[in-house]
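# Coordinate analysis (summary)
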Amino acid sequence: MQAIAKNYNFQEREKYWQEYWEKENIYKFDENSEKEIFSVDTPPPYVSAAHLHAGHIMSYSQAEFVVRYKRMQGFNVYYPMGFDDNGLPTERYVEKKYNIDKSRVKRDEFIKLCLQETKIGAQNYRDLWTALGISVDWTKTYSTINEHSRKISQWSFLDLYKKSKVQRKEEPIYWCPKCQTALAQADLDDKEEKSKLNYIQFGGGDKNKFVIATTRPELLPACVALFVNPEDKRYKELIGKKATVPIFNHQVPILSEESVDMEFGTGLMMVCTWGDAEDVRKWKEYKLDTRKIVNEAGKLTDLAGKYAGLELMKAREQIIADLQKQKLLIKQVDISHVMNTHDRCGTPAEFIITKQWFIDILSNKAKFLKQGEKLNWFPDSMKRRYGDWVEALKWDWCISRDRYYGVPFPVWYCKQCGREMLPEEKDLPVDPTVDKPKEKCQCGSNDFIPEKQVMDTWMTSSLTPLIASKLVNKKSVQMKLYPATLRPQAFEIIRTWLFYTVVKSYYHHNQLPFEDVMISGHGLDDKGRKISKSLGNFKDPNIILKQYGSDALRYWATGAKLGENMRYNEQEIQKGKRTVTKLWNASKFTWSHLSEIDLNKAKVNLEDADKWVLFKLNQTIKEATDSYEQYSYSKARDIIDEFFWGDFTDNYLEFIKYRLYSEDPKMEESKNAARHSLYYLMLTIIKLYAPILPFITEEIYQMFYKKTEGDKSIHLSQWPEINKKWNFDDKTINEFEKAVAAIAEVRKYKSERQLSMGKELNEYRIVLKELPDKKYKEFIKNTVRIKKLLNYE
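Residues numbered from 1 in each chain as written. Predicted model: local features only at pLDDT ≥ 70, side-chain atom pairs only at ≥ 80, totals over all residues. Heavy atoms only, no water.

## Describing the overall build of the chain
Of the regular secondary structure elements, the chain holds 22 helices and 27 strands. Buried positions account for 57% of the 793 residues belonging to the chain. Taking all contacts inside the chain whose residues are at least 6 apart in sequence as the whole, residues at least 24 apart take part in 77%. Looking at charge distribution, the chain has the averaged site of its 126 positive side-chain charges lying 1 Å from that of its 114 negative ones. (Helix = DSSP H or I, 4+ residues; strand = E, 2+ residues; numbered from the N terminus. Buried < 20%, exposed > 50% of the residue type's maximum accessible area, 1.4 Å probe, protein only. Contact = heavy atoms within 4.5 Å. Lys, Arg positive; Asp, Glu negative; His and termini not counted. Charge placed at Lys NZ, Arg CZ, Asp CG, Glu CD.)

## Some details on the side chain of Asp-159
Locating Asp-159 in the fold gives a position in helix H5 (residues 147-162). Of the residues examined, Asp-159 reaches a relative accessible area of 14% and is grouped as buried. Other than its neighbours up to four places away in sequence, Asp-159 contacts Tyr-507 and His-508.

## Side note on the environment of Phe-728
By the element assignment, Phe-728 lies in the loop between helix H20 (694-709) and helix H21 (730-752). For Phe-728, a relative accessible area of 15% corresponds to the buried category. Setting aside chain neighbours within four positions, we find Phe-728 in contact with Leu-606, Lys-611, Leu-614, Phe-615 and Ile-733.

## Some details on the pattern of salt bridges
All chains considered together, the criterion is met by 49 salt bridges. Among the charged side chains, a network of salt bridges with common partners joins Glu-257, Glu-278, Arg-281, Lys-282 and Glu-285. (Salt bridge = Lys/Arg side-chain N within 4 Å of Asp/Glu carboxyl O.)

## Here's the deal with the packing of aromatic side chains
Applying the stated criterion to the full structure yields 51 aromatic pairs. For the ring pair Phe-644 and Phe-648, a centre distance of 6.2 Å and an interplane angle of 25° mean the geometry is stacked. Of this pair, Phe-644 and Phe-648 both sit in helix H18 (residues 633-660), four residues apart, which is roughly one turn of that helix. Here Phe-644 and Phe-648 have matching classes, each one buried. Considering the side-chain rings of Tyr-679 and Tyr-680, the 5.0 Å spacing of their centres and the 75° angle between planes classify their relative orientation as edge-to-face. A network of ring pairs unites the aromatic residues Phe-368, Trp-377, Tyr-386, Trp-397, Phe-499, Tyr-500, Tyr-506 and Tyr-507 as a single cluster. (Phe/Tyr/Trp six-rings, centres within 6.5 Å; stacked < 30°, edge-to-face > 60°.)

## Considering unusual backbone geometry
Omega for the peptide link from Thr-273 to Trp-274 comes to 0°, which places this bond in the cis form. As for its position among the elements, Trp-274 is in the loop between strand S12 (269-272) and helix H6 (277-285). In the segment running from Leu-428 into Pro-429, the intervening peptide bond is cis, with an omega of 0°. Relative to the helices and strands, Pro-429 is located in the loop between strand S19 (420-421) and strand S20 (448-450). Residue Asn-249 is not a glycine yet carries a positive backbone phi of 65°. Looking at the element boundaries, Asn-249 is found in the loop between strand S10 (242-244) and strand S11 (251-256).

## What to know about the sheet that holds S19
Taken together, three strands build an open sheet; the order of strands is S19-S18-S20 and the sheet is antiparallel. Looking at the sheet topology across the chains shown, the edges are occupied by S19 and S20. (Pairing = 2+ DSSP bridges.)

Function cannot be read off these values alone, since they describe shape.
In structure tokens, the structure reads:
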């Protein structure tokens, strides 16, 4: 056996094992294997995340703990990695980094910059994941902008088009004035804002009855109707009449609807085109006039008269000032209200009317709820989030974006008759701005206008199980990879990634896209705030890795329970480092007593201490395995920790030292039993820890166990199973527990008096209510070094 270093050099050895695993293809998926497959629909991270932090590490490590466990369980694990590098996040990142406006540079030049940055971002992730020991099969990777993904994404569009599940409509849609693109409902965040409720005098009839209250006076030029509740006695006689909009002086009808809140403001509701979703609904249902007052840049149009060209907040200020001058602003009241903001940039979303592509989801909400019920949720409580989101949907899914960098829609429009032209599936992928239809239009025209909008990034990301499955060449294997076994993801994208993937899989294949859903929380800083690039509230992971090592950081990541947020805690990382050191020292101690013995020939007659610890080990194997089967890596770690730190190192190693160090020939049989137990205990412990601490466990396995066990890597070895030979009778275990309790009592006695645990006591009287059997007298004396046990004299 090679010389054993006194200290474990994690920086040197982690680098060594990273290279070993890659060189030996330890994590490569075997397309020819007959083993049962465990496939993972790995979240493709945004490559625009220039600064990776503990939050990324936490969420990706947690799924990977399960992956390593399943690999040791004998599954043929399919663990690909994708990178989400198309769409708005990348565009916004490039615009900010290079300080450019994409509308002022050539389309091809801007796309070139985006592609350049995606390569850098992907490499940043790969470097960190490799350093962290994420056991991805790097031969199976994709990006959401590469040809493979574009082809599948465009196929999805064609299939939905043929099934009449997608259509192009012109209607009011959520719009981000800053990013200048359409948004889906799932792209919005709710933000509470302090504002003013403005009481404004309208013209027409009794002045006292023509006061409306609004938070958005800048939309007065877009007012198309006033509404009252038909039960509101104050306004019954106004129904059917008209009111005059102040400053702008156009007249609008006064209509009634039971939904109007009589208690809000004055009970008189202003409807504009369009301030919110309720405005859109009433505009559609009552066929109201259209006054397009906000343009794509978030400025007022010519309909606003002298306010045209002003940004919305500036227009609000000036209109309020003019209302005050004309004594039409009755009063202002401070309020807080919730507004919709774009989740990518925080800009308040507006409604504007444009032509966009939509996927029908509203007509099938009940079916999508049923699909959600069929999934296995871990934790189960997250199922409610999915259901709540589906039930709250008010809009079909807008899948088009008015940007440059994304998957093109495979669509042309006939310049003569306007007919939509789509390519054949065999010709995908296509870029309509470069490629041309291969056939003439039915009207005979050969002149086409390309669709310049690109697909929402979720349009592609919702296909990740399919994209990943088709990285494998064999169609028979592709069929086994779809649906995937596991979807790991964060809870905040249940409404987007998870829901949209369920929608696509249902429409395309009439089945679920995966079986199990494992939901993680956020990484938080020490103040409880979400770790984010914008706050800059994180420590560079490379600094943490250099200081503590990958295993220690992974140990911290096990601390979060499924679906729960977790604070960054350096003390927990330090505990992980101590665990690594303890494993190293325990393994060295173990093998210092095993190097000169042939375990196959040694006679074994287990003593009660051996039976007790092996029984405890059986319990640990069962409980840790059960926890992993429920994706409860956190509980598994606690169970393994309790056994390793308590039963094994604190107790058993101390119990057997006198046996191992004895030179009495009569103790040889006892020594052999302890050695046998040590071999299997230490081997099982490192296997149990292997999914969480892959580097130190590989180091120990390769140095001490590979020769006898034969597996190329501990991560390809078999997960520990309960050994029925170690299921000893309860009486033996319970009796020995009394001896353990007596030893704990003596240790406490020494600790309270600040005595060394190795200090020999002349005498001691056990005060436990139930004394251990007399047969444990010598065992107790030898373990805690007592000359005389008074209870047994």
